[in-house]
Amino acid sequence: EAAARVEEEMGKLALLEPASPEFTVSRNYLDWLTSLPWGVLTPDSYDLRQAAAILDRDHYGLADVKERILEFLSVGILKGRVSGSILCFVGPPGVGKTSLGRSIAASIGRTFYRFSLGGMRDEAEIKGHRRTYIGAMPGKFVQALKEVGSANPVIMLDEIDKIGASYQGDPASALLEVLDPEQNADFLDHYLDVRFDLSKALFICTANDFSIPSALLDRMEVIRLSGYITEEKIAIAKHHLWPRVLERAGLKKNQLVISEGALRHVIEGYAREAGVRNLEK
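Everything numeric here is computed off the predicted structure, so don't read it as measured data.

Asker: I would appreciate a short explanation of the packing of aromatic side chains in the present structure.
Answerer: Where two aromatic rings form a pair, the distance of their centres and the angle of their planes describe that pair. Applying the stated criterion across every chain yields a total of 6 aromatic pairs. Measuring from centroid to centroid gives 6.0 Å for Y29 and Y191, while their planes differ by 70°, and the two rings are edge-to-face. One end of the pair, Y29, is in helix α2 (residues 21-35); the other, Y191, is in the loop between β4 (187-188) and β5 (195-196), and 162 residues separate them in sequence. Like Y29, the residue Y191 is buried in the burial classification. Through a chain of ring-to-ring contacts, three or more aromatic side chains come together here, namely Y113, F115, F141, F187 and F203. The ring of Y29 has R131 lying over it, and the distance from NZ or CZ to the ring centre is 3.8 Å. For the cation-ring pair, K146 lies above W32, with the distance from its terminal atom to the ring centre recorded as 4.3 Å.

Here it is as structure tokens:
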């Protein structure tokens, strides 16, 4: 279908004057159509031990969440392709939802693309503008595929609970087609006007709470991240936060030492939130 559309557009372009505005529109359209990764897939790494090691390296604790992710990956190995369900991590700020997405991409060897839906009000951001408008562009998903150069990336939709609605349209409803494993095999972008297969991509959403439209929530598999207990926070502080804070302050490891007692005092007295951002501050 896409090849036929390209041929048709090339025939049209041959008859146009290079100086006419229509020429530029047609040229841009052809650029977009031909730069998309049609059928270009990165090979998945199906190694559960390696996936478990990467998840453990990047995150301390969260045993039940990691187990669920590994189950998801093992089903993908049995099927021969990791796709099908849309994962949604729900939990308070600072518990590592976004970084879990990065770890999943690293553990199966796929390219990672993240964009935030916070405050997005225009559905054209998702479904693209029609080509008749000046400055028309495809939606974010088509842009993501062009940028990563493969048809099976891990696409993270951050802050899906903060998506806005306005008189311009409702982006949450526009997401229904993208996030439905039954429908996204022939996703139609208004700008491209050619169906593209999004079913090979793995979508991961993050949210702070369940204020997500019910029709959208229904299409996702929710994994809850509740937060960390004191012992987990101490381990995270030692292995992840303390080296990062030292580096940020320009100090060497031997210039400043913090005892476990002091860490425990800070955690129990001042940083009792679910995540670890306050603790890092």
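So, next bit.
Asker: I tried to follow helix α3 (residues 48-58) on my own but got confused; where do I start?
Answerer: Side chains of residues three or four places apart in an α-helix project in the same direction, reflecting 3.6 residues per turn. Residues of α3 that are buried: A51, I54 and L55. The arc that holds the buried residues of α3, viewed along the axis, is 95°, so those residues lie on one side. Away from its buried face, by an angle of more than 90 degrees, α3 presents the exposed residues R49 and R57. In the core, the buried residues of α3 are packed alongside α4 (63-79) and α5 (97-108).

Asker: Hey, could you run me through the packing of helix α1 (residues 2-15) against α2 in this one?
Answerer: Helix packing geometry: the angle between the two helix axes and the distance between the axes. One can describe the packing of α1 onto α2 by two numbers: an axis separation of 10 Å at closest approach and a directional angle of 155°. As judged from the angle between their axes, α1 and α2 are roughly antiparallel. Read as a crossing pair, α1 and α2 show a hand that is left-handed. Each of R5, V6, E9, M10, K12 and L13 in α1 lies in contact with α2, whose residues at this interface are E22, F23, S26, R27, Y29, L30 and L33. Residues of the contact of α1 with α2, tallied by class, amount to 7 nonpolar, 1 polar and 5 charged.

Asker: Any chance you could explain the pattern of salt bridges here in plain terms?
Answerer: Close approach of charged atoms allows side chains of opposite charge to pair. Inspection of every chain in the model, using the stated rule, returns 21 salt bridges. A salt bridge links D44 to R110; the shortest N-O distance between them is 2.8 Å. Of the two residues, D44 is situated in the loop between α2 and α3 and R110 in the loop between α5 and β2 (112-116); the sequence distance between them amounts to 66 residues. Overlapping salt bridges, with partners in common, bring together E9, K12 and E22 in one network.

Asker: Explain helix α10 (residues 230-249) to me, please; I cannot follow it from the model alone.
Answerer: With 20 residues, α10 ought to run about 28 Å at 1.5 Å a step, yet its terminal C-alpha atoms sit only 25 Å apart, falling short of that. Within α10, the axis deviates most sharply at A237, by approximately 50°. Looking only at α10, the buried set comprises E232, K233, I234, A235, I236, A237, L241 and L246. For α10, the secondary structure elements touched by its buried residues are α11 (260-270) and α12 (277-280). Downstream of α10 by one or two residues, G250 has phi in the positive range, about 75°.

Asker: Where do I start with the sheet that holds strand β3 (residues 154-158) in this structure?
Answerer: The strands making up a sheet associate through backbone hydrogen bonding, with each pair oriented either parallel or antiparallel. With respect to topology, 5 strands assemble into an open sheet ordered β2-β3-β6-β1-β7, the strand pairing being parallel. Every other strand in the sheet has two partners, leaving β2 and β7 (220-224) as the edge strands with one partner each. Within this sheet the neighbouring strands show an average axis-to-axis angle of 20°, counted without direction. In the packing of α4 onto the sheet, the strands contacted are β1 (86-90), β6 (202-207) and β7, and the crossing angle to β7 comes to about 150°.

Thresholds, definitions, all that
- Residues numbered from 1 in each chain as written.
- Predicted model: local features only at pLDDT ≥ 70, side-chain atom pairs only at ≥ 80, totals over all residues.
- Heavy atoms only, no water.
- Phe/Tyr/Trp six-rings, centres within 6.5 Å; stacked < 30°, edge-to-face > 60°.
- Helix = DSSP H or I, 4+ residues; strand = E, 2+ residues; numbered from the N terminus.
- Buried < 20%, exposed > 50% of the residue type's maximum accessible area, 1.4 Å probe, protein only.
- Lys NZ or Arg CZ within 6 Å of the ring centre and 35° of its normal.
- Arc of directions from axis to C-beta.
- Contact = heavy atoms within 4.5 Å.
- Axes fitted to C-alpha atoms, helices over the stretch in contact; angles between N-to-C directions.
- Parallel < 35°, antiparallel > 145°, perpendicular 65-115°, else oblique.
- Left-handed = near helix turned anticlockwise from the far one by under 90°.
- Nonpolar A, V, L, I, M, F, W, Y, C, P; charged D, E, K, R; others polar.
- Salt bridge = Lys/Arg side-chain N within 4 Å of Asp/Glu carboxyl O.
- Expected span 1.5 Å × (residues − 1).
- Bend = angle between axes of the 7 residues up to and from the residue.
- Pairing = 2+ DSSP bridges.

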